[in-house]
Amino acid sequence: MHQKARNKSLPFYILISFLTIVYSCSSSKKIVDKAIMFNDEREKLTLEYLSDRYGLEQAEPTIIPRMIVLHWTAIPTFEGSFDAFERPKLPVWRPDIKNMSPLNVSSHFLIDQDGTIYRLMPETMMGRHVIGLNHCAIGVENVGGTEDTPLTEEQLKSNIWLVKYLAKKYDIEYVIGHYEYTNFEGHELWLEKDDGYRTKKTDPGEKFMGDVRKATKNLNFKQVPLKQ
Ligand SMILES: [Zn+2]
């Protein structure tokens, strides 16, 4: 009788320890603030971008987040990736997008290969990371995405955690991979004025997006519109 009771209680303890592990994993993530330069020059260039690209005349370069766009930097190190976003003005090696605006590219978050989440700028300031949608999109960049530095399991977990964190804070309707952005042409959120301004993107990969979507299914984000 006693023997039986002990056996019965065993799965309960296993369950409790399992839940403790799950709970401590999901709550142990934190965000490390490491700001890129957001000085007067960047503010001015961002306001010009909002006006020139989207026809939005604003007093502050702010956004109301409705979308999260996931990326990879295609740069193998954190330092190299951070450096690419740090300065307010585009470097000379980006003539492809420089004609459209001298504002440097940036992203709200940068996730290192070990899964550490860095916040580079306030979540409600506009970053330049996706044509057409910057006025409503929070950008999440991941270090890597080259042949030698594919995105890691730790990065996947951190992206999932961050999407959940942001969805709690804002009315996020869409979570998309950068490679899906042109599907929004013709959508009410699409504001880019120049039909010739497009870049071809593959980041952060379909498999990675599929895994993020599976893990955030219960948040009921809207489906990416079909390409028109
Ligand atoms: Zn990208």
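Note: the structure precedes this text.
Residues numbered from 1 in each chain as written. Predicted model: local features only at pLDDT ≥ 70, side-chain atom pairs only at ≥ 80, totals over all residues. Heavy atoms only, no water.

With respect to the packing of aromatic side chains
As a reminder, the rule being used: By convention, a stacked pair of Phe, Tyr or Trp rings (six-membered ring in the case of Trp) has centres within 6.5 Å and planes under 30 degrees apart, an edge-to-face pair has planes over 60 apart, and any other such pair is tilted. Only protein chains enter the area calculation, which uses a 1.4 Å probe; residues under 20% of their type maximum are buried, those over 50% are exposed, and those in between are partly exposed. Runs of H or I in DSSP of at least four residues are treated as helices and runs of E of at least two as strands, each being numbered from the N terminus. When the NZ atom of lysine or the CZ atom of arginine is within 6 Å of a ring's centre and also within 35 degrees of its normal, the charge is said to sit over that ring.
Counted under the stated rule, the structure contains 6 aromatic pairs. Measuring from ring centre to ring centre gives 5.5 Å for Y49 and Y54, while their planes differ by 85°; the resulting arrangement is edge-to-face. The pair formed by Y49 and Y54 is uniform in burial state, with each residue classed as buried. Measuring from ring centre to ring centre gives 6.0 Å for F78 and F82, while their planes differ by 25°; the resulting arrangement is stacked. One end of the pair is F78 and the other is F82, both in helix α3 (residues 78–86) and 4 residues apart, which spans about a single turn. Take F82: its relative accessible area is 7%, and that puts it in the buried class. A connected cluster of aromatic rings, assembled from ring pairs, spans F78, F82 and Y118. Positioned over the ring face of F82 is K34, at 4.5 Å from the centre of the ring.

Focus on the coordination of the zinc ion
Applicable threshold: Each metal site lists N, O and S donors within 2.8 Å (3.2 Å for Na, K and Ca). With water left out of the atoms, a site can look as if it is missing ligands.
Those protein atoms acting as donors to the zinc ion are H71 (ND1), H178 (ND1) and D203 (OD), and they sit at 2.1 to 2.2 Å. Summarised as a motif, the one-chain spacing of the donors to the zinc ion is H-x106-H-x24-D. Note that H71 is positioned in the loop between β2 (67–70) and α3 and D203 in the loop between β6 (174–177) and α6 (206–215), a separation of 132 residues in sequence. In terms of burial, H71 and D203 fall into one category: buried.

Points about α3
Our working rule: The directions considered for the arc run from the helix axis to the C-beta atoms. Between N or O atoms, a polar contact is any pair within 3.5 Å; within protein, one atom must be a potential hydrogen donor and the other a potential acceptor, and residues adjacent in sequence are included only when both atoms are from side chains.
Those residues of α3 that sit buried are F78, S81, F82, A84 and F85. Buried residues of α3 fall within an arc of 155° about the axis and therefore sit on the same side. When the buried face of α3 is taken as reference, the exposed residues oriented beyond 90 degrees from it are E79 and D83. Looking at where α3 begins, the residue whose side-chain oxygen comes 3.0 Å from the main-chain nitrogen of G80 is T77.

Observations concerning the pattern of salt bridges
Side chains that differ in charge, positive against negative, can pair when their charged atoms come close. What counts is decided by this rule: One speaks of a salt bridge when a side-chain nitrogen belonging to Lys or Arg is within 4 Å of a carboxyl oxygen belonging to Asp or Glu.
Using the criterion set out here, one finds 13 salt bridges in the structure. One salt bridge connects E185 with R198, and the closest N-O pair in it is separated by 2.9 Å. With E185 in the loop between β6 and α6 and R198 in the loop between β6 and α6, the pair connects residues that are 13 residues apart, well separated along the chain. Classification of E185 as partly exposed rests on a relative accessible area of 27%. Assessed through its relative accessible area of 24%, R198 is described here as partly exposed. With its nearest N and O atoms 3.9 Å apart, the salt bridge here joins D211 to K214.

Keep in mind that these numbers describe shape and distance, not what the molecule does.
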